[in-house]
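Residue strings, one per chain:
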Amino acid sequence: MEAQYDQCTEAIFDVSLKMEAKEKAFSTAESDVGSLSRRLLLLEEEVEKSEERLARAITSLCHESRRADTAVRKRQQLENSNTANEEQSDALESQLKEARYVPTFVNTIQNFPM
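First, a word on what this report is: a plain description of the structure on this page.

Each value, and the rule that gives it
- Within each chain, residue numbers correspond to sequence positions counted from 1 in written order.
- In keeping with the predicted nature of the model, local features appear solely for residues at pLDDT of at least 70, side-chain atom pairs appear and are counted solely at 80 or more, and the whole-chain, interface and lining totals rest on all residues.
- Hydrogens and water molecules were not included; the side-chain quantities draw on all heavy atoms of the structure.
- Going along the chain from the N terminus, every DSSP run of H or I of four or more residues is numbered as a helix, and every run of E of two or more is numbered as a strand.
- Three labels apply to residues, based on accessible area from a 1.4 Å probe with only protein chains included: buried if under 20% of the type maximum, exposed if over 50%, partly exposed otherwise in between.
- Per-residue and other accessible areas follow the Shrake-Rupley method at a 1.4 Å probe size, with only the shown protein chains counted as cover for residues.
- For this document, the term salt bridge refers to a Lys or Arg side-chain nitrogen within 4 Å of an Asp or Glu carboxyl oxygen.
- Only residues above 30% relative accessible area that lack a salt bridge enter a patch, with like-charged residues linked at up to 9 Å and the nonpolar side chains Val, Leu, Ile, Met, Phe, Trp and Tyr linked at up to 5 Å.
- Charged-residue counts in this description rest on Lys and Arg as positive and Asp and Glu as negative, His and the chain ends being excluded.
- Where a charge lies is defined by one atom per residue type: Lys uses NZ, Arg uses CZ, Asp uses CG and Glu uses CD.

## Focus: the overall build of the protein
Within the protein one finds one helix and zero strands. When burial is assessed residue by residue, the protein has 0% of its 114 residues classed as buried. Of the roughly 10,900 Å² of accessible surface on the protein, 59% is carried by carbon and sulfur atoms.

## Let's talk about the pattern of salt bridges
Considering all chains together, one arrives at two salt bridges under this definition. Here R67 and E64 are joined by a salt bridge, their closest N and O atoms 3.4 Å apart. Of this pair, R67 and E64 are both found in helix 1 (residues 2–110), three residues apart, which corresponds to roughly one turn of the helix.

## Section: a negative patch on the surface
Where like charges cluster on the molecular surface, the negative patch consists of E44, E45, E48, E51 and E52. Looking at where E52 falls in the secondary structure, it is placed in helix 1.

What follows is the structure, encoded as structure tokens:
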């Protein structure tokens, strides 16, 4: 009987050691879960902030793209207007040359003896 008591005591001692080891492992695992949960929350906040920054950057880029498109259209309009003005200027210069030539031609004809 005493031998059985010793065996039971020894078995209880071994089980107690194993239980303490398991409790330590559980405590460590629980601590790891807690720290990983906190890290997950921080990462989720960081992702949210990054998404907000990305949204602002995309909005800004869209606005600047529209401004650039408007500037390109305005430049094209100015180039077209400039070309039309140059053509009109060339036409007026031609008319001016003709207008100067006509009085000289008329004077020559008038002074021509008949």
